[in-house]
Amino acid sequence: MNRRLHLLVSLLLSALLLVSAATGLVLSGASLTEQFGQLGAPGDSVAVVAERVSQHLPNIERLERSANGTLLATLGGDVEEPLHVVDPATGEDLGPYAPSATLDWLRDLHRELLLGSTGRWLSGLAALALALLAISGAILLARRLGGWRRLLTPIRAGQGMLHWHTVIARWALPGLAVLALSGLYLSATSLGLLGDGSDNEPAYPEGIQAAPHLPVGTLAALRQIDLPELRELEFPNAADDIHYLSLRTASGSGFVNAASGQWISFQRNGAAQNLYETAYALHTGEGMPLWSMALAGLALSTLFLGGSGLLGWWQRRGRVGEQDTGVPAEQAEAVILVGSQSGSTWAYARQLQTQLQAAGRPVHVAAMNDVREDYPQARCVLLLAATYGDGQAPDNAWQFLDRLAEARWPARGLPVAVLGFGDRQFPRFCAYAEAVEQALQQRGCQMLLPLQRVDRQASGELNAWAGQLGARLGTPLRLQSALLPCSEVRLTLQQRQCYSERGGQPAVVLRFAVAPGSTSFAPGDLLAIRPAVDTAPRLYSIASADDDGFVEICVRLHPQGLCSNYLHALEPGAELAASIQAHPGFRPQAGEHPVLLIGAGVGVAPLIGFVRKNESRRPIQLYWGGRHVSDQLYGEELQQCLADGRLQRLQRAYSQGPTPGYVQDRLQADAASVRALLQQGAQVLVCGSREMAAGVRAVLETLLAEMGSNLDQLKAQGRFREDVY
């Protein structure tokens, strides 16, 4: 509801808001310039300044001081230009007051859109729109960040205009709320809907006897008031037999006896007047240079938020509109339904669609809101559901659960799989995907796979689900993280080292030459290789860095593996095209805290890369699991790293050795030392099969529970990362 209100108000009133923001920016700048020009004005009393001015301008009738500090004198008699600017320091006449016609036009445009009373109503509507946007934006921001208490937590780096829309909005919202509410109040007073207290005036004095007037500089009442407090001082007119001065200040109004210099009466401003003065100052910044600077920044932020919000909405609308829906729903063998707020989830639907269609399976892709009662030819339905904010459905999926409850769906026992996208730092991580799966189970749906939760589009979790799905469908599937940039490279095989596994599949370490400066990469990044034109790319963890001058990967041979057979057959000198995909979420954090590396099989590749680059000799321990003692991947190099201190400890486990065991068993046996590492703030990096990773997580959960913590907390701190397949 809040998202739709926010979007609707933005679309309907964007023109009004942008005009108000643009004119407000110029007016704030003009006000700021005027105020800086008055910073050196003296802090004398009203009496002293009025005396100076009257000596230079004996025909003065009124002295006014604007909130920005400009001192204006109104002259009596037959003068062509009655309003003059005067210097408060000397009292000298600086010439006739000539306000900028352009600024006057802009003020009229800002206040009433050059339309008089109708324009004031429209300006009030713009202020109301800004207030609604500030309130709804704050609610949306709180939901996106996981609650009101997280409003001041850092916003992770993101992509696109909408990310910066969120970042700027978070800091601008309090100021925009002040600007909106003050503008709304001023509009209401200008339209007569609220009083501004201007009718609360002191009674005019009567019966003041004629007596010689004292010099204005000696009047005691005026000597008590500093110049910044002055709003207006009206001098007595002997021709009209007036013997008092009329004075209006920031705190009230009154009359001063011109003969005695004493107050005749003084009435402080009422609540309505004070409210009006405060609202006017907050909305214009007059008299407050720092706030004027803030207002200029708020006007700029409003222009940016308006433009970025509209552009982001248009881009997202275009991305969804450009999606290839594939075959009609009635002809599809596979149906992919997408729930996405930012549009990124559509990228994974497109990857699945491309691979399934290449395998000869007709695919239909649609938003979750567009779910149908039946897909007569379908053999499976795949739901890619992102969670928005604190557990809400994305805009294109908010109707799905209601339509699911009303429809006879899915019919014919159609198998369904749900892939959830979210951010584990939020308390309700993947809550919407969980709600979808629960609703499907309650309807008796056949679940093709258990729900897979993907944390921040992590490659390992994406491919764990894709691998299981491909196994169930009989079609190898891979997913490439849409967050990670890729760079195309041309590689030449330099050398290969084969490790034969007794009775199993051999592994080979391949080292490819890469042109210096052609691309940048680090251990843990991914090399995407496509063995044939119509196949999905296969991702391999990189064990080297760009300053090494080569790209190194470790590949296990699988009898039916198209890419592994292709790579194992390569000989030195062979060339291939590939792309490097950054994987910044899978690498040790900077600092001196210990690092616990856990891997199995060829998952050791990125881990050996981290050890190689440990020039600072921070404490790194490696737990690695293989099948046979003969399967010593990187055995000699690991011993060398132990000797020179880059690796502090190495623990191996062999599932088919003399004392069979898995890497998680070694962790459990070393529970005390592992617990000590975690207490020292160690980061844990896991690379290998999903079965191994599940066993490792189970051991760590037990150890963390004994410490009063859990794996989710470790992940939120960035201290637990997985790259599984």
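Reading the values: the criteria
- Residues numbered from 1 in each chain as written.
- Predicted model: local features only at pLDDT ≥ 70, side-chain atom pairs only at ≥ 80, totals over all residues.
- Heavy atoms only, no water.
- Buried < 20%, exposed > 50% of the residue type's maximum accessible area, 1.4 Å probe, protein only.
- Helix = DSSP H or I, 4+ residues; strand = E, 2+ residues; numbered from the N terminus.
- Right-handed = clockwise from strand over helix to strand, strands pointing away.
- Pairing = 2+ DSSP bridges.
- Axes fitted to C-alpha atoms, helices over the stretch in contact; angles between N-to-C directions.
- Core = buried A, V, L, I, M, F, W, Y, C linked by side-chain atoms within 4.5 Å.
- Contact = heavy atoms within 4.5 Å.
- Salt bridge = Lys/Arg side-chain N within 4 Å of Asp/Glu carboxyl O.
- Disulfide = S-S within 2.5 Å.
- Polar contact = N/O pair within 3.5 Å; in protein donor to acceptor, adjacent residues only side chain to side chain.
- Expected span 1.5 Å × (residues − 1).
- Lys, Arg positive; Asp, Glu negative; His and termini not counted.
- Phe/Tyr/Trp six-rings, centres within 6.5 Å; stacked < 30°, edge-to-face > 60°.

(A) Seen up close, the pairing of strand β20 (residues 595-600). Counting buried positions along β20 gives six out of six residues, so the element sits mostly inside the fold. Here β20 shows a buried face lined by Val595, Leu597 and Gly599 and a second buried face lined by Leu596, Ile598 and Ala600. Since β20 and strand β21 (residues 620-626) lie parallel, the crossover through helix α14 (residues 604-612) that links them has a hand, and here it is right-handed. Where β20 lies against strand β23 (residues 683-688), five bridges are found, and the strand directions are parallel. Counterpart to Leu597 in the pairing with β23 is Leu685.

(B) Broad picture of unusual backbone geometry. Positive phi is not limited to glycine here, since Arg617 has a value of about 60 degrees. Mapped onto the elements of the fold, Arg617 is located in the loop between α14 and β21. Exposure remark for Arg617: the relative accessible area of 36% places this residue in the partly exposed category. Of note in the backbone geometry, Tyr634 takes a positive phi value of approximately 55 degrees without being a glycine. Assignment of secondary structure puts Tyr634 in the loop between β21 and α15 (635-644). Take Tyr634: its relative accessible area is 4%, and that puts it in the buried class.

(C) Geometry of the sheet that holds strand β5 (residues 230-234). Reading across from one edge, β4-β3-β2-β1-β5-β6-β7-β8 is the order of the eight strands in this open sheet, with antiparallel pairing throughout. With one partner strand each, in any of the chains shown, β4 (93-96) and β8 (263-268) form the two edges of the open sheet. On average, adjacent strands in this sheet sit at an angle of 20 degrees to one another, irrespective of strand direction. As judged from the five bridges shared by strand β1 (residues 60-65) and strand β2 (residues 71-75), these two strands associate in the antiparallel manner. Each residue of the ladder has a partner; that of Ile60, found in β2, is Leu75.

(D) Structural detail: the pairing of strand β3 (residues 83-86). Relative to β3, β2 runs antiparallel, the two sharing three bridges. Directly across from Leu72, in β3, lies its bridge partner Val85. Strand direction decides the pairing type here: β3 and β4, joined by two bridges, are antiparallel. When the bridges of β4 are listed, His84 appears paired with Pro96. Hairpin remark: β3 followed by β4, antiparallel, with six residues in the connecting loop; positive phi at Gly91, about 85 degrees.

(E) Broad picture of the environment of Gln480. Locating Gln480 in the fold gives a position in the loop between α12 (459-473) and β14 (486-499). Among the residues examined, Gln480 registers a relative accessible area of 22% and is labelled partly exposed. Sequence spacing of Gln480 and Gln457 is 23 residues, and the spatial spacing of their C-alpha atoms is 9.1 Å.

(F) Geometry of the nonpolar core. One finds Ile336, Leu352, Leu382, Leu384, Trp465 and Leu469 to be the most contacted residues of the largest nonpolar core, which totals 28 residues. Contributing elements (two or more residues each) for this core: β9 (334-339), α9 (345-358), β10 (363-367), β11 (380-386), β12 (416-422) and α12. In this view, Leu384 contacts Ile336, Leu337, Val338, Gly339, Thr345, Tyr348, Ala349, Leu352, Met368, Leu419, Phe421 and Trp465; residues no more than four positions away in its chain are not counted.

(G) Spotlight on the sheet that holds strand β24 (residues 720-724). The sheet built from five strands is open, its strands ordered β22-β21-β20-β23-β24 with parallel pairing. Pairing within the sheet leaves two strands with one partner each, and these edge strands are β22 (649-654) and β24. This sheet shows a mean twist of 10 degrees between the axes of neighbouring strands, independent of strand direction. Taken together, the five bridges between β23 and β24 define a ladder with parallel strand orientation. Looking at the pairing, Cys687 lines up with Asp723 of β24. α14 contacts β20, β21 and β23 of the sheet and is inclined by roughly 150 degrees relative to β20. The sheet strands contacting α15 are β21 and β22, and the helix crosses β22 at an angle near 150 degrees.

(H) Main features of the pattern of salt bridges. Per the counting criterion, the structure on display carries 18 salt bridges. The residue Asp44 makes a salt bridge to Arg52 at a minimum N-O spacing of 2.8 Å. Across the salt bridge formed by Glu637 and Arg612, the nearest N and O atoms sit 2.6 Å from each other. Of this pair, Glu637 sits in helix α15 while Arg612 is found in helix α14, placing the two residues 25 residues apart along the sequence. Here Arg612 falls in the buried class, since its relative accessible area comes to 11%.

(I) Representation of the state of the cysteines within the structure. This structure, assessed with the given rule, holds zero disulfides. Cys498 takes part in no disulfide bond, and the closest cysteine sulfur, belonging to Cys554, lies 9.7 Å away. You can call Cys498 partly exposed: its relative accessible area is 41%.

(J) Looking closely at the environment of Gln683. The residue Gln683 is located in strand β23 in this model. Taking relative accessible area as the criterion, Gln683 reaches 3% and is therefore assigned buried. Linking Gln683 and Val595, residues 88 residues apart in sequence, is a C-alpha distance of 4.9 Å. With sequence-adjacent residues up to four places away left out, Gln683 is seen in contact with Arg587, Pro588, Gln589, Pro594, Val595, Leu596, Gly718, Arg719 and Arg721. A distance of 3.4 Å separates the side chain of Gln683 from the backbone oxygen of Arg587, its partner in a polar contact.

(K) Seen up close, α9. If you check α9, its first and last C-alpha atoms are 20 Å apart, about what 14 residues at 1.5 Å a residue would give, namely 20 Å. Taken as a whole, α9 has its buried residues at Thr345, Trp346, Tyr348, Ala349, Gln351, Leu352, Gln353, Gln355 and Leu356. Two residues or fewer past α9, Gly360 is found with a positive phi of approximately 85 degrees.

(L) Highlighting the side chain of Arg231. Residue placement: Arg231 occurs in strand β5. Lacking a salt bridge, the buried Arg231 has Glu277 as its closest oppositely charged neighbour, with an N-O distance of 4.2 Å. The contacts of Arg231, once residues within four sequence positions are left out, are Leu63, Glu64, Arg65, Arg248, Thr249, Ala250 and Glu277.

(M) Region of the structure containing the packing of aromatic side chains. Across all of its chains, the model carries six aromatic pairs by this definition. For the pair Tyr244 and Phe255, a centre-to-centre distance of 5.5 Å together with 90 degrees between the ring planes defines the contact as edge-to-face. One end of the pair, Tyr244, is in strand β6 (residues 244-249); the other, Phe255, is in strand β7 (residues 252-257), and 11 residues separate them in sequence. Phe255 gets classed as buried once you look at its relative accessible area, which sits at 3%. Judged by centre distance (6.2 Å) and plane angle (20 degrees), the ring pair of Tyr276 and Tyr280 falls under stacked. With a gap of four residues between them, Tyr276 and Tyr280 both fall in helix α7 (residues 271-284), about one helical turn apart.

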